[in-house]
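# Coordinate analysis (summary)
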Amino acid sequence: MAVKRMDNVGIVVDDLDETIAFFRELGLELEGRATIEGEWAGRVTGLGDQHVEIAMMRTPDGHSRLELSRFLTPTVVADHRNAPVNALGYLRVMFTVDDIGDTLERLRQRGAQLAGEVVRYEDVYRLCYIRGPEGHLIGLAQELG
């Protein structure tokens, strides 16, 4: 049996509204918000009784989703946002954008910081990593040619 598709990537956040606004500025669309709670949800995650606010963001092409989760209970137990990019289990999400310079300028207004520098990979891409307003690592790629 083969995988049919990847449904989404999930990121745990502290400020759901701010993070939604950041990803909207990047170009994702808010598909929906919900509160997930109760024993049934905890059976899936292994956390027991949980109460989580979630927002599902969708890329403009409709093929990819980013699930943002803010845990009310149980409380967050670890913070990996300042871990180096070579830390085991570290999460990075990459997006292809039309204009990396314009995207960086807009996202800086929402608290993004360039992690290194914008580089050119052969004649294929301009690439960079940024840290979002909550420190999450996000890759940006602009196709060349």
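Shown above is the structure to which this text applies.
To keep things clear, this report deals only with the structure shown in the data block. Everything numeric in this text was worked out from a predicted model, so none of it was measured.

## Here we look at the overall build of the protein chain
Across its full length, the protein chain holds three helices and nine strands. Start at the N end of the protein chain and walk to the C end: the helices and strands fall as β-α-β-α-β-β-β-α-β-β-β-β. Dimensions of the protein chain, computed from the C-alpha atoms along their principal axes, are close to 50 × 35 × 30 Å. Out of the 145 residues belonging to the protein chain, those deemed buried represent 32%. Of the roughly 9300 Å² of accessible surface on the protein chain, a fraction of 48% belongs to carbon and sulfur atoms. The protein chain carries 16 positive and 24 negative side-chain charges, and their two centres are separated by 2 Å.

## Observations regarding the side chain of Gln 50
The residue Gln 50 is located in strand E3 (residues 50-58) in this model. The exposure class assigned to Gln 50 is buried, which follows from its relative accessible area of 5%. The residues contacting Gln 50, other than those within four sequence positions of it, are Ile 36, Glu 37, Gly 38, Ala 41, Gly 42, Thr 45, Phe 71, Thr 73 and Pro 74.

## Some remarks on unusual backbone geometry
With omega at -10 degrees, the peptide bond leading from Thr 73 into Pro 74 counts as cis. Residue position: Pro 74 is located in the loop between strand E4 (65-73) and strand E5 (92-97). A positive phi angle is found at Glu 122, which is not glycine, with a value near 45 degrees. Checked against the element boundaries, Glu 122 lands in the loop between strand E7 (119-121) and strand E8 (125-131).

## Brief notes about helix H3 (residues 100-108)
By the burial criterion, the buried members of H3 are Ile 100, Thr 103, Leu 104 and Leu 107. End-on, the buried residues of H3 take up no more than an arc of 100 degrees, which puts them together on one face. In this fold, the buried residues of H3 make contact with helix H1 (16-26), E5, strand E6 (113-114), E8 and strand E9 (137-143). Its side-chain oxygen at 3.0 Å from the backbone nitrogen of Gly 101, Asp 99 defines the N-terminal cap of H3.

## A look at the nonpolar core
By size, the foremost hydrophobic cluster in this structure holds 23 residues, and its most contacted members are Phe 23, Leu 26, Leu 66, Leu 68, Phe 95, Ile 130 and Leu 140. For this core, the elements supplying multiple residues, two or more each, are H1, E3, E4, E5, H3, E8 and E9. Here the element with the most residues in this core is H1; it accounts for five residues. Setting aside residues no more than four positions away along its own chain, Leu 140 makes contact with Leu 26, Met 94, Phe 95, Val 97, Ile 100, Thr 103, Leu 104, Leu 107, Arg 126, Leu 127, Cys 128 and Ile 130.

## Things to note about the pattern of salt bridges
Enumeration over the complete set of coordinates arrives at 11 salt bridges. Note that Glu 25 is salt-bridged to Arg 110, the shortest N-O span being 3.9 Å. Of this pair, Glu 25 sits in helix H1 while Arg 110 sits in the loop between H3 and E6, placing them 85 residues apart in sequence. Judged by its relative accessible area of 25%, Glu 25 is partly exposed. Since its relative accessible area comes to 39%, Arg 110 is described here as partly exposed.

## Examining the environment of Glu 39
Position of Glu 39 among the secondary structure elements: in helix H2 (residues 39-45). Sequence separation between Glu 39 and His 80 is 41 residues; the distance between their C-alpha atoms is 27 Å. Within the structure, the side chain of Glu 39 is placed 2.9 Å from the side chain of Arg 43, a separation counted as a polar contact.

Thresholds, definitions, all that
Residues numbered from 1 in each chain as written. Predicted model: local features only at pLDDT ≥ 70, side-chain atom pairs only at ≥ 80, totals over all residues. Heavy atoms only, no water. Helix = DSSP H or I, 4+ residues; strand = E, 2+ residues; numbered from the N terminus. Buried < 20%, exposed > 50% of the residue type's maximum accessible area, 1.4 Å probe, protein only. Areas by Shrake-Rupley, 256 points an atom, 1.4 Å probe, with all protein chains shown as cover. Lys, Arg positive; Asp, Glu negative; His and termini not counted. Charge placed at Lys NZ, Arg CZ, Asp CG, Glu CD. Contact = heavy atoms within 4.5 Å. Arc of directions from axis to C-beta. Polar contact = N/O pair within 3.5 Å; in protein donor to acceptor, adjacent residues only side chain to side chain. Core = buried A, V, L, I, M, F, W, Y, C linked by side-chain atoms within 4.5 Å. Salt bridge = Lys/Arg side-chain N within 4 Å of Asp/Glu carboxyl O.

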